[in-house]
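Close look at the chain arrangement
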Amino acid sequence: MRPETVPGTAPDPMTEAAPAARRRRRLDWGFRLAVLWLVLVTGAALTADLLPLPDHDATLSGEPGSGPAPGHPLGTDGLGRDLLSRIVDGARVSLGVGVGAVLLGLLIGGPLGLLAGYRRGLVDRIVMTANDVLLAFPAMVFALAVVAFAGPSVRNVLIVLGLLGVPAWVRLIRGVTLSFARREFVTAARALGARGRTLMWREIAPNVVLPALSYAFTVMAVVMIAEGSLAFLGLSVQPPTPTWGGMINDGRSTMDTAAHIVLAPSAVMFLTVLAFNLVGDRLQELTGYRESGLEPARARRRATVPATPVPRREGPPPLLEAAGLRTLFHTPRGTVRAVDGVSFTLERGRTLAIVGESGSGKSVLIRSVLGLLPDAAERSGRVYLADRDLTDAGADGMRDVLGTRMATVFQDPMTALNPVRTVGAQVTEPLRVHRGMTRRQARETAGLLLASVGIPEPHRVLRSYPHQLSGGMRQRITIAMALSCDPEVLFADEPTTALDVTVQKQIMRLLHRQRDERDMAMVLVSHDLTVVADHADEVIVMYAGKVVERGPAQSVLTRPRMRYTEALLRAAPDLTAPAHTRLAVIDGRPPDLVRPPSGCRFHPRCPHARERCRTEDPPLVPDGAGRSHACWYPADDIKPPTTRESMRHGG
Ligand SMILES: Nc1ncnc2c1ncn2[C@@H]1O[C@H](COP(=O)(O)OP(=O)(O)OP(=O)(O)O)[C@@H](O)[C@H]1O
């Protein structure tokens, strides 16, 4: 990523490709030779009739069993037929069966794998059980039996080998789908209100292409060996059509006198199988896909924690309200209480910041509000958007508001954008889906949107892919996408963490300006207190899944009362301090949310903790001036060393 230029000047959005992408392009010589060999063999097979070679079936076109000679570069077989022309013709069968079997396996296994991986649940269980049963069949014996029964022909061999490959295709495509379904750009598309089928075919399927292609090459090699073995046993295409396996079989009897009859087709077959494997392996490296870790964590039996009913407050409803939100993850280690009874309200034109150490539950809180939690999560409590109760909205209900009334900007713009779709395809999608625009209208509006978030040459950028743009540009694009349907609430989950320091401020200023211009509300997750001080109106401080302090940002950040907030502010780097000043840190580590400490969750790390803190959980109590804190022994108007002013001047 490279820094953008100062605002007002036109930064060049195109950058060099990321180092990883460059490294990937540096494919070694083995790969190039393998591709060259495959091009040669395929080209020869496709143009066999045009090549100046003797007829593959013309007996006695040379001395039987003679070695390489002019006119017969690889020699002749026992019947005096030209070996080279027979190998070239044999390639048609071997490659034809390989391609056909791969396509058949993919056509059946691909959609089934996508469906199982995307839908999961019952569909997954049915598909995978059937698949496991099929996988248990001894493949080669089955192939032998079917071909022997149905008769040896190219078609039968192709169908049998293709069908035998289906279970492996289902497994592969399901695994890749599962891994992509959890990626941030899919969550981002869901946050923009994309429907299930769109997510599956537009967001996930294009990403499955490369792993599938890599596997296709490996399968080609396997199928060729299988076809060769069947041909060797006389169960593939029958003479006089040459096949490589059949040629090896024919040459067996003359091994001692004319070994080249066996060696020539064996060498070609060996090199071709090797080349397919090599290309498949390299493509797999490109995808960075590993089979390990693709299995889904099975949803555990849920130890349901009863939800405490939280009544809605009286009076006109705020724009956004969360009441008693609680989110649990059921894991093999136990239940993680990631968000534990959080409530807040937010009005139009205001920014609410959520701060806290890593793992305190900030992101899970946002995802709980947006209904974007993984299946294994259990949520209780209520969420309201103005007068609409979103608590039991379900996937369909949430789609009505995601992208249109509530939109999200994620932390890392690289993972939030689909790497295999152009920026234009991604920015225009919500415009077409939610605002019913035609392709042309959406393109025009997308151009204007990109310009409004400070992207120069927007129409050129629309034609680019995410990896061609700098980090700041990518984040501007995700912001443009989030703003495309004029949301009422914008959620920004650490929107600048993945960016260069110089770009961070520009992005924050952009978000702030957009909030004001559009009169939106904003929920900002940040662990940068300087950003919070500069951009938030309200702040909630989270510790171990709970809100421990809440109130106007200015007041909380300058006069913290809860001892954790105080410690957090002390630990924040004071950028005005002289160089090498020792940073204060909060002693100890955040608690394990499976077994949080008794009493106040912060007590094991709190220098002010007393007996009561160890045994009684302090409630969040209002302390006047619109503030609340959860602490038995709060700080009394203590001015922390890092004040808002010092942070602002330093930052
Ligand atoms: N899918 C999950 N399964 C189990 N535990 C999870 C899952 N997602 C989050 N958690 C746990 O929930 C807790 C809160 O996580 P969350 O990501 O909200 O923290 P955070 O405050 O946003 O941290 P960070 O600043 O590092 O993003 C953590 O303990 C985390 O390990």
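Calculation criteria
- Residues numbered from 1 in each chain as written.
- Predicted model: local features only at pLDDT ≥ 70, side-chain atom pairs only at ≥ 80, totals over all residues.
- Heavy atoms only, no water.
- Near = heavy atom within 4 Å.
- Polar contact = N/O pair within 3.5 Å; in protein donor to acceptor, adjacent residues only side chain to side chain.
- Helix = DSSP H or I, 4+ residues; strand = E, 2+ residues; numbered from the N terminus.
- Nonpolar A, V, L, I, M, F, W, Y, C, P; charged D, E, K, R; others polar.
- pLDDT = per-residue confidence, 0-100.
- Contact = heavy atoms within 4.5 Å.
- Expected span 1.5 Å × (residues − 1).
- Buried < 20%, exposed > 50% of the residue type's maximum accessible area, 1.4 Å probe, protein only.
- Arc of directions from axis to C-beta.
- Patch = residues over 30% accessible without salt bridge, like charges linked within 9 Å, V, L, I, M, F, W, Y side chains within 5 Å.
- Areas by Shrake-Rupley, 256 points an atom, 1.4 Å probe, with all protein chains shown as cover.
- Salt bridge = Lys/Arg side-chain N within 4 Å of Asp/Glu carboxyl O.
- Pairing = 2+ DSSP bridges.
- Axes fitted to C-alpha atoms, helices over the stretch in contact; angles between N-to-C directions.
- Core = buried A, V, L, I, M, F, W, Y, C linked by side-chain atoms within 4.5 Å.

**Observations concerning the site of the ligand**
Taken together, 15 residues surround the ligand, and among them Ser358, Gly359, Lys362, Ser363 and Val364 come closest. Taking Gly359, its main chain carries an N or O atom lying 2.8 Å from an oxygen atom of the ligand. Element by element, the count of residues in the shell around the ligand is highest for helix α11 (residues 362–370), at three residues. Within the shell around the ligand, the residues separate by chemical class into six nonpolar, six polar and three charged.

**As for the confidence of the model for the protein**
Chain-level statistics for the protein give a pLDDT mean of 80 and a share of 86% at 70 or above. When the criterion is pLDDT under 50, residues 288–308 qualifies, and its contacts beyond four places in sequence or with other chains add up to 33 contacts. This complex was scored by the predictor with a pTM of 0.64 and an ipTM of 0.97.

**Thoughts on helix α4 (residues 121–135)**
If you check α4, its first and last C-alpha atoms are 21 Å apart, about what 15 residues at 1.5 Å a residue would give, namely 21 Å. The complete set of buried residues in α4 reads Asp124, Val127, Met128 and Asn131. Each buried residue of α4 sits inside an arc of 95° when the element is viewed along its axis, so together they form one side. Of the exposed residues in α4, the ones pointing more than 90 degrees away from its buried face are Leu122, Arg125, Ile126 and Val133.

**What to know about unusual backbone geometry**
Phi angles above zero are rare outside glycine, and Glu457 is one such case at about 45°. Along the chain, Glu457 falls in the loop between α15 (439–452) and α16 (458–462). Unusually for a residue other than glycine, Asp519 sits at a positive phi of about 55°. Along the polypeptide, Asp519 turns up in the loop between α18 (501–518) and β8 (521–525). With a relative accessible area of 37%, Asp519 lands in the partly exposed category.

**Some points on a nonpolar patch on the surface**
On the surface, a cluster of nonpolar side chains totalling about 420 Å² of accessible area is made up of Leu107, Ile108, Leu112, Ile159 and Leu163. Counting residues per element, the ones that place at least two in the nonpolar patch are α3 (83–119) and α6 (154–181). By residue number, the principal contributor to the nonpolar patch is α3, which donates three residues. Tracing the chain through its elements places Ile159 in helix α6.

**Side note on the sheet that holds strand β5 (residues 388–389)**
Across the sheet, which stays open at both edges, the four strands sit in the order β2-β1-β4-β5 with antiparallel pairing between neighbours. Each having just a single partner strand, β2 (334–346) and β5 make up the two edges of the open sheet. In the sheet, strand β1 (residues 320–331) pairs with β2 via ten bridges, with the strands oriented antiparallel. Paired with Phe329 across the two strands is Val336, which belongs to β2.

**What to know about the pattern of salt bridges**
Counted by the stated rule, this structure contains 27 salt bridges. A salt bridge links Arg92 to Asp49; the nearest nitrogen and oxygen atoms lie 3.5 Å apart. Placement of the pair is Arg92 in helix α3 and Asp49 in the loop between α2 (29–46) and α3, with a sequence separation of 43 residues. Asp49 sits in the exposed class, given a relative accessible area of 64%. Residue Arg382 pairs with Asp392 through a salt bridge whose shortest N-O separation is 3.3 Å. Note that Arg382 is positioned in strand β4 (residues 377–385) and Asp392 in the loop between β5 and α12 (394–401), a separation of ten residues in sequence. Look at Arg382 and you get partly exposed, because its relative accessible area is 27%. Look at the salt bridges and you will find they share partners, linking Arg326, Arg337, Asp340 and Arg601 into a network.

**A closer look at the side chain of Gln426**
Structurally, Gln426 can be placed in helix α14 (residues 423–435). Residue classification places Gln426 among the buried residues on the basis of a relative accessible area of 5%. Sequence-distant contacts of Gln426, that is, excluding residues within four places in its chain, are made with Leu417, Asn418, Arg421, Pro466 and Met481.

**Re the sheet that holds strand β9 (residues 538–543)**
Spatially, β6-β7-β8-β3-β9-β10-β12-β11 is the arrangement adopted by the eight strands of the open sheet, whose pairing is mixed. In this open sheet, the two edge strands, each paired with only one partner strand, are β6 (406–409) and β11 (621–622). When β6 meets strand β7 (residues 489–493), the two strands line up parallel, connected through four bridges. Bridging from a neighbouring strand, Thr408 pairs with Phe491 of β7. Lying over the sheet, α11 contacts β3 (351–355), β6, β7, β8 and β9, oriented at roughly 150° with respect to β7.

**Let's talk about the nonpolar core**
Counting residues in hydrophobic clusters, the biggest one holds 68 residues, and the most contacted among them are Leu320 and Met406. Among the elements that line this core, the one with the most residues is β2, at six residues. Here Leu320 is in contact with Phe344, Thr345, Leu346, Val369, Tyr384, Leu385, Met406, Val489, Phe491 and Val523, once residues within four sequence places are set aside. Among the nonpolar cores identified, the runner-up in size contains 60 residues, and Leu95, Val157, Leu161 and Val279 belong to it.

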